[in-house]
Amino acid sequence: MAAKAQAKPDEFIWVLFAGILAIIMMVFFWGMPNSNQENQTSNATASLPEGAFTIGTYKEDVPRVIRIGDFGISHSAGSSVIASKKYIEVSKGIFEDKRFSFSGEIGENLNDIIDGWIVVDVLDTSSGNLIIKFNNEVVYREKSSPGRIYVNVDKNLIKNFNVIEISSGMPGLQFWSTSVYRIEKAEFGINVYGNVKKTYDFELYASELKNFAKGSVKFNVDEREGNGNLIIKINGKNFFNGIPSGSFSHDFEIFDVGLVNGINTIEFSTERDTSYKLDDVEILIAHKENLGKQRTFSFKITETDLARLQRGVKGKISFTILDSDYGANLAIKITDSSGMDHQLDYIQSYSIGKKVTVNFGPNDVKVGTNYVTFSVSGEGKFTLSNVDIGV
């Protein structure tokens with residue numbers, strides 16, 4: 001009886017030992033339980049910005065440069081020989097009337113002509129008058145000696161095509177003789193204000209006119225002679241009339257100069273007795289254009305991160321909204337490692353300066369490199385900072 005009672009404590013010890021050993025093995029294989037394990041957050045490996053950044057859609061002035069280049073303009077007085085003839089002989093007698101005619105065609109604008117002139121170099125002469133007609137009007141009738149004769153021609157007589165006739169008058173009382181003039185050279189010329197202008201055609205497009213912001217003309221004044229104004233016209237309308245110097249820039253509006261869809265014309269000229277040399281002449285046409293901006297950042301999800309998400313842990317994307325024009329909603333999406341997009345949230349209500357947190361789950365990401373994109377829905381902009389991504 002005593003031997004049987006002694007055996008019971010031994011069996012209990014062995015059972016207790018086996019239980020302790022089982023607990024030790026469970027701890028070894030499964031780790032110590034932690035009631036806060038699922039609430040702990042580990043930062044995913046992410047490529048995040050330093051400091052603040054701005055995203056959004058907004059209007060911005062986009063310029064287009066139309067380069068004209070370097071050129072000179074002037075409006076100054078000068079002389080131009082229109083026609084010249086040599087070795088002329090004219091004579092007049094009872095039975096003889098030998099005349100000489102030549103023409104001179106003017107290509108310049110007649111408004112720029114001051115007057116005209118005829119020069120005749122007489123080598124030899126006998127009795128009688130030398131007669132010079134310009135467009136059938138007598139401009140000179142005198143008995144002349146050898147030498148140079150200068151005849152002024154009134155501006156009103158000058159046409160684009162002109163005829164000069166040289167002849168001799170009768171010898172006077174000695175009617176039986178012949179009057180002769182031998183001429184070495186005869187010239188017809190004009191005095192003009194040489195008005196050298198610069199015109200340039202440039203094209204504007206419908207989209208530029210519809211969203212027109214401003215236009216401007218820019219250049220450098222390399223040289224100036226005289227005190228006259230520089231005159232700039234666009235489509236025939238005065239845009240600038242003054243004396244520029246150094247670096248010049250002058251703005252214009254769409255209706256000031258009558259801009260049209262298609263070809264427009266700019267003209268540079270100057271007042272009399274003045275010349276300009278202009279360098280790097282260009283027209284800038286700026287129009288407003290809607291620009292879009294978004295920012296994308298990468299982050300990696302490991303198998304451990306995905307397992308935590310599958311057990312119910314929430315992934316977090318946190319950031320601070322530093323500024324906004326309240327014109328749009330903030331959109332956040334994730335593009336997983338397979339390239340599939342997952343829209344997370346459209347943030348419509350927010351406070352400037354406060355932290356915002358957006359959650360994601362196991363169906364929004366995959367193991368590997370994923371991407372989070374901040375963009376706007378509508379027209380507006382946001383300035384964000386302190387972006388953090390964690391699981």
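Residues numbered from 1 in each chain as written. Predicted model: local features only at pLDDT ≥ 70, side-chain atom pairs only at ≥ 80, totals over all residues. Heavy atoms only, no water.

(A) Molecular detail of the overall build of the chain. Each helix and strand in the chain was counted, giving three helices and 24 strands. Counting only residues that meet the buried cut, the chain has 39% of its 391 residues in that class. Across the chain, every contact between residues at least 6 apart in sequence was considered, and the portion connecting residues at least 24 apart equals 83%. Split by element, the accessible area of the chain, about 22500 Å² in all, is 49% carbon and sulfur. (Helix = DSSP H or I, 4+ residues; strand = E, 2+ residues; numbered from the N terminus. Buried < 20%, exposed > 50% of the residue type's maximum accessible area, 1.4 Å probe, protein only. Contact = heavy atoms within 4.5 Å. Areas by Shrake-Rupley, 256 points an atom, 1.4 Å probe, with all protein chains shown as cover.)

(B) Spatial organisation of the confidence of the model for the chain. Taken as a whole, the chain shows an average pLDDT of 86; of its residues, 85% reach a score of 70 or greater. Counted against residues more than four places away or in other chains, residues 27–41, with its pLDDT under 50, gives twelve contacts. (pLDDT = per-residue confidence, 0-100.)

(C) The pattern of salt bridges, seen in detail. Inspection of every chain in the model, using the stated rule, returns twelve salt bridges. For Arg67, the salt bridge identified is with Glu282, shortest N-O distance 2.8 Å. You can see Arg67 sitting in strand β2 (residues 53–93) and its partner Glu282 sitting in strand β17 (residues 274–293), a full 215 residues away along the chain. The salt bridge partner of Asp97 is Arg99, with a shortest N-O separation of 3.0 Å. We classify Asp97 as partly exposed; its relative accessible area is 36%. Through salt bridges that share partners, Lys92, Asp97, Arg99 and Glu165 make up one connected network. (Salt bridge = Lys/Arg side-chain N within 4 Å of Asp/Glu carboxyl O.)

(D) Molecular detail of the nonpolar core. In terms of nonpolar packing, the biggest core is built from 29 residues, with Phe319, Phe360 and Phe374 touching the most fellow members. Setting aside its immediate chain neighbours within four residues, Phe360 contacts Phe299, Leu309, Lys314, Gly315, Lys316, Ile317, Ile334, Leu344, Val365, Ile389, Gly390 and Val391. Phe202, Phe219, Ile266 and Ile283 belong to the second largest nonpolar core, which has 28 residues in total. (Core = buried A, V, L, I, M, F, W, Y, C linked by side-chain atoms within 4.5 Å.)

(E) Quick peek at the sheet that holds strand β4 (residues 100–105). If you trace the four strands from one edge of the open sheet to the other, you get β4-β9-β6-β7, paired in antiparallel fashion. Each end of this open sheet is capped by a strand with a single partner; those strands are β4 and β7 (137–142). Averaged over all neighbouring strand pairs, the angle between strand axes comes to 15°, with direction disregarded. Judged from the five bridges that link them, strand β6 (residues 130–134) and strand β9 (residues 161–168) form a sheet pairing that is antiparallel. Paired with Ile132 across the strands is Ile166, a residue of β9. (Pairing = 2+ DSSP bridges. Axes fitted to C-alpha atoms, helices over the stretch in contact; angles between N-to-C directions.)

(F) Broad picture of the packing of aromatic side chains. Summed over the entire model, instances satisfying the criterion amount to 15 aromatic pairs. Plain terms: the ring middles of Tyr326 and Tyr350 are 5.5 Å apart, the flat faces sit at 5° to each other, and that makes the pair stacked. In this pair, Tyr326 is assigned in the loop between β19 (315–324) and β20 (328–335) and Tyr350 in the loop between β21 (341–347) and β22 (355–360), connecting sequence segments 24 residues apart. On the basis of relative accessibility, which here comes to 54%, the residue Tyr326 falls in the exposed class. The exposure class of Tyr350 is buried, given its relative accessible area of 14%. Each member of the aromatic cluster is reached from another via a ring pair, and the members are Phe71, Phe219, Phe240, Phe248 and Phe268. (Phe/Tyr/Trp six-rings, centres within 6.5 Å; stacked < 30°, edge-to-face > 60°.)

(G) Local environment of the sheet that holds strand β11 (residues 198–204). The strand order across the open sheet built from four strands is β11-β16-β13-β14, with neighbouring strands paired in antiparallel fashion. Strands with a single pairing partner mark the edges of an open sheet, and in this sheet they are β11 and β14 (237–242). This sheet shows a mean twist of 20° between the axes of neighbouring strands, independent of strand direction. Here strand β13 (residues 230–234) runs beside β14; their pairing, made up of five bridges, is antiparallel.

(H) Spatial organisation of a nonpolar patch on the surface. Judged by side-chain polarity, Ile94, Phe95, Met170 and Trp176 come together as a nonpolar surface patch covering roughly 550 Å² of accessible area. Mapped onto the elements, Phe95 comes out in the loop between β2 and β3 (96–98). (Patch = residues over 30% accessible without salt bridge, like charges linked within 9 Å, V, L, I, M, F, W, Y side chains within 5 Å.)

(I) Region of the structure containing the side chain of Asn191. Summarising the element assignment, Asn191 is placed in strand β10 (residues 179–196). Engagement of the side chain of Asn191 in a polar contact is seen with the side chain of Ser79, the distance being 2.6 Å. Within the local environment of Asn191, its side chain forms a polar contact with the side chain of Trp117, the two groups lying 3.5 Å apart. For Asn191, the residues in contact, after removing those within four places along its chain, are Gly78, Ser79, Asp112, Ile113, Ile114, Asp115, Trp117 and Tyr150. (Polar contact = N/O pair within 3.5 Å; in protein donor to acceptor, adjacent residues only side chain to side chain.)

(J) Here's a closer look at the environment of Val196. Mapping Val196 onto the fold places it in strand β10. What makes Val196 partly exposed here is its relative accessible area of 42%. In this structure, the C-alpha to C-alpha distance between Val196 and Ser76, residues 120 residues apart in sequence, is 8.8 Å.

(K) The arrangement of helix α3 (residues 303–310) in detail. Residues Asp305, Leu306, Arg308 and Leu309 constitute the buried set of α3. Within α3, the buried residues cover an arc of 160° as seen down the axis, which keeps them to one side. Exposed side of α3, more than 90 degrees from the buried face: Glu303, Thr304 and Gln310 are the residues found there. Residues of α3 that are buried sit in contact with β18 (295–301), β19 and β22. Note on α3: the residue one or two positions beyond its end, Gly312, has a positive phi of about 110°. (Arc of directions from axis to C-beta.)

(L) Layout of the pairing of strand β16 (residues 262–270). Here β11 runs beside β16; their pairing, made up of seven bridges, is antiparallel. Residue pairing in the sheet places Phe202 in a bridge with Asn264 of β16. With five bridges joining them, β13 and β16 adopt antiparallel strand pairing. If you follow Ile231 over to β16, its bridge partner there is Ser269.

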